[in-house]
Amino acid sequence: MDFELTETQRMIRDTARDFAAKEVAPKAAELDKNERWPAELVAKMGELGFLGIAVPEEYGGAGLDHVSYALAMEEISAACASTGVIMSVNNSLFCDPLVKFGSEKQKKEILTPVARGEKLGCFGLTEPMSGSDAQTMVTVAKKVDGGWVIDGAKNWITNGPHADYIILFAITEKDPTTGKVKHTAFVIPSGTAGFTKNARDHKLGIKAAHSCTVFFENCFVPDDAVVGKVGEGFKVAMATLDGGRIGIASQALGIAKAALEKSVQYAKERKSFGVTIDKHQAIQFMIADMGTELDAARLLTWRAAALKDKAVTDKSVRHSMESAQAKLYASEMSTRVAHKAIQIHGGYGYSTEFPVERNYRDARITELYEGTSEIQRIVIAANLLKG
Amino acid sequence: MEFDLNETQSLIQKAARDYAQKVILPQAKEIDATEKFPAEILRGLGDLGLLAVNVPGVYGGSEAGVVSYSLAMQEVARACASTAVTMAVTNMVGEVIAQFGTEEQRQKYCPKLASGEYLAGAFGLSEPGAGSDPGGMLTTARLDGDTWVLDGAKQWITSGAYAGVFVVWARTGDKTIHPGGKGLTCFLVEAGTPGLRIGRKEDKMGLRGSNTVALELDGVRVPASALLGELNGGFKIGMMALDGGRIGIASQALGIARAALDESVTYAKDRKAFGKSIGEFQAIQWKLADMRTAIDAAHLLTMRAATLKEAKKPFSREASMAKVFATENAWKICNEAVQIHGGYGYTREFPAERHLRDVRVSMIYEGTSEVQRIVIARSLLSE
């Protein structure tokens, strides 16, 4: 048992914290208000190596561990959760499956520029009528000479409007008698004929992290667009989400950390009944619970990240349940903490003048994407009840 | 960052688990039903080195560290929470004497506590009118020649009727010069000292196998050599004992919660409703998932506090976080365990009912949840 960060981990956290405070935080309110894509921040994150943190250096990444990734995600998300999720999608949902399942050619030609931040990735699993139950997707890829022809639509594609590549999941095999399907993952560049995007979504929070629906109509992709093995796409998707959940848990930590820090600061300044409100136990107890739950969530997240690091070299190590626990607890904690932050701020907390209003809206998504809280509970309960 | 246990920790955990499951668990129901003090079990724990897990080897302890102590506590509490709290207090008395005692005090008391020769050690801090606020205590100690004379009353003394030695806090400093906790001093008082009277045993909701009594100190005379630590330095010892004690109680709560979850999983697989086992219903699955997630989070908070204490770093805030989170969640978990068991959970046929009674006090003793929140908030607000 050792909860200390290594020197490298501390360094990446401090670098992220510094960048977040100086360059991200001052822009966060404006990004949110105008739903503006933070192109300049995405570019700088690329220069800092934040867009491919756990990608090996030979493929353009920073070659760091997943604990470092969790630390950097928390810091960036504390300043701006939109910027945080842009980073998370690129790292967890795009780079990670290519590191694990990609061909050498994909790693050299696609992963490398994406990990460096020269290009941007996104991930297409969810469909208009298929979310938690990913097996029910209808997007299909038909085998043709030299490649595949894809038809279907994917929605809530974060980074979609700006991405240069998508990792896409489609049905490639259907048993005519049982109806059982097999899926395959593909990596497809934007601009491919038949691959189009519609206008971006308008959301409650993470407004600067643009998302959209993407369409594939008679879209031809060559054989070398397949990621991993034909028919094993579902495995690729699930392994990717196990990692992605660490990213979203870290995003939730960052939002909660920001909400707590603002609440502590406000409580020390604001007066009522003749004293600053931090002298009232009503406020103290909210702050105590926010801090305790935040630490609990952080430890669950770090445990999952540390396990994922072990899994890199030891294939017997699993972290599905631990990632699900981290994501479930951290995301629900984040909305609770943001809720209390507004309560501590009173009416000011409800106005866009203070950032806790944004924290509250941003936190809400973490309970939905990369597996709803309900999906995390299914994963955890299945682990407990098996055998 | 490393979440695995080292070899010593794994060994202690296994030894505690084996003994708890084989020897303690089969007696837990009877201990609760008959309010039997688990004397034989305590001697067994002494043989295994579990009554002085974090006490140096030269004083008879296992010197296995705070993480090991927490793991052992969890395993024992999983089988019997009454035994666990008795074990916890003895461990903490040993630790306090090992840390603050003179060489003579350490050699005299620590081995007896460690071996189980003393069935238990006890603390005398709380009073009928002073709990969360020890500065309000009324027990006094005055110097008469070269002996100290203690007068007063103490309340909620765990293991009081069986303890070989008591760590007793008393006011030694003038309240006007040493307000609040500043004028308190600790004394080591041996069982049987004239004037030390054991009051009636409390009739409690849970932990019915642990012994809880009031103490009366009526002109109790102890030699100058019985003073523990520094004169008017008792508050510091109290805080250290409580900070460490909180790790123990968080661990106790965790152990009870683990038992409640394990039994719930077994029951959910077994019990049928609407044509399938109730574990197939999301209503039950959701509870199990939340129970396990809270247990893991509480475990990590407790391990973090334990590693900090082990590394001799400040751990007060972390211990309070572990204690409030572990105990409040353990209570919720035990409540859900009763719910999952339905009517059976409300009967003494299943242990879920005992867990719910046993766990309730963990939110009260060694600092109430409210005191933990004060400690945490003070720390967060001073950053």
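Just so we're clear, the structure is a prediction, and the values are computed from it rather than from any experiment. (Residues numbered from 1 in each chain as written. Chains lettered and ligands numbered in written order. Predicted model: local features only at pLDDT ≥ 70, side-chain atom pairs only at ≥ 80, totals over all residues.)

J.: Go over the overall build of chain B with me, naming the residues and quoting the values.
T.: Looking only at helices and strands, chain B has 10 helices and 10 strands in total. Since a compact globule built from 383 residues should have a radius of gyration of about 21 Å, the 21 Å found for chain B is in line with a globular shape. For chain B, the proportion of its 383 residues judged to be buried stands at 59%. (Helix = DSSP H or I, 4+ residues; strand = E, 2+ residues; numbered from the N terminus. Rg over C-alpha atoms; globule rule 2.2 N^0.38 Å. Buried ≥ 20, exposed ≤ 12 C-beta atoms within 10 Å, placed from the backbone.)

J.: How would you summarise the domain arrangement of chain B if you had to cite specific residues and measurements?
T.: Where interface size is quoted, it is often the accessible area lost as the parts come together. Residues and elements named next belong to chain B. When cut into domains, chain B gives domain 1 (7–118), domain 2 (123–232) and domain 3 (235–381). Averaged C-alpha coordinates put domain 1 and domain 2 at centres separated by 23 Å. On the side of domain 2, 17 residues touch domain 1, which itself brings 22 residues to the contact. Counting residues per element, the ones that place at least two in the side of domain 1 that touches domain 2 are α1 (7–34), α4 (81–100) and α5 (103–115). The element contributing the most residues to the side of domain 1 that touches domain 2 is α4, with nine residues. When the residues that make up the side of domain 1 that touches domain 2 are grouped by side-chain class, the tally is 12 nonpolar, five polar and five charged. (Domains from an automatic or database assignment. Contact = placed C-beta atoms within 7 Å. Nonpolar A, V, L, I, M, F, W, Y, C, P; charged D, E, K, R; others polar.)

J.: Describe in detail the domain arrangement of chain A, supporting the description with residues and values.
T.: Residue and element names in this part refer to chain A. If you check the domain split of chain A, you get domain 1 (7–119), domain 2 (123–232) and domain 3 (234–385). Taking the mean C-alpha position of each, domain 1 and domain 3 sit 20 Å from one another. For the side of domain 1 that touches domain 3, the secondary-structure elements that each account for two or more residues are α1 (7–34), α3 (66–79) and α4 (81–101). With 11 residues, the single largest contributor to the side of domain 1 that touches domain 3 is α4. Grouping the amino acids of the side of domain 1 that touches domain 3 by side-chain chemistry returns 13 nonpolar, six polar and six charged.

J.: I'd love a proper account of helix α7 (residues 281–313) of chain A, names of residues and values included.
T.: Here α7 of chain A spans 49 Å end to end across 33 residues, near enough to the 48 Å set by a 1.5 Å rise per residue. With 26 of 33 residues buried, α7 of chain A lies mostly within the body of the structure. (Expected span 1.5 Å × (residues − 1).)

J.: Account for the nonpolar core, naming residues and giving values.
T.: Ranked by internal contacts, the top residues of the largest apolar core, which has 263 residues, are Phe186 of chain A together with Val76, Phe187, Leu301 and Cys334 of chain B. Once you skip the residues sitting within four places of it in the chain, Leu301 of chain B turns out to touch Asp295, Ala296 and Leu299 of chain A together with Met321, Ala322, Phe325 and Ala326 of chain B. (Core = buried A, V, L, I, M, F, W, Y, C linked by C-beta atoms within 7 Å.)

J.: So what about the interface of chain B and chain A? Which residues, and what values?
T.: Listed as interface residues are 31 residues of chain B and, on the opposing side, 31 residues of chain A. Listing elements by their share of the side of chain B that touches chain A, those giving two or more residues are α6 (234–270), α7 (282–310), α8 (316–341) and α10 (369–381) of chain B. Counting residues per element, the side of chain B that touches chain A draws most heavily on α7 of chain B, at 13 residues. Across the side of chain B that touches chain A, the residue classes break down as 21 nonpolar, four polar and six charged.

J.: Report on unusual backbone geometry, specifying residues and quantitative values.
T.: Residue and element names in this part refer to chain A. We note that Glu35 has phi near 50°; this positive angle belongs to a residue other than glycine. Tracing the backbone through its elements, the reader meets Glu35 in the loop between α1 and α2 (39–48). Accessibility expressed as a C-beta count within 10 Å gives 15 for Glu35, which makes it partly exposed. Although it is not a glycine, Asn218 adopts a positive phi angle of roughly 50°. Inspection of the secondary structure assignment puts Asn218 in strand β7 (residues 211–222).

J.: Let's hear about the packing of α1 of chain B against helix α3 (residues 65–79) of chain B: which residues, and what values?
T.: All names here are of chain B. At their nearest, the axes of α1 and α3 sit 7 Å apart, and the two run at 20° to each other. In terms of axis orientation, α1 runs roughly parallel to α3. In this structure, the crossing between α1 and α3 has a hand that is right-handed. For the pair formed by α1 and α3, the contact residues are Thr8, Gln9, Ile12, Gln13, Ala16, Arg17, Ala20, Gln21, Ile24, Leu25 and Ala28 on the first element and Val67, Ser68, Leu71, Ala72, Glu75, Val76, Arg78 and Ala79 on the second. Each residue belonging to the contact of α1 with α3 can be placed in one class, and the counts come to 11 nonpolar, five polar and three charged. (Axes fitted to C-alpha atoms, helices over the stretch in contact; angles between N-to-C directions. Parallel < 35°, antiparallel > 145°, perpendicular 65-115°, else oblique. Left-handed = near helix turned anticlockwise from the far one by under 90°.)

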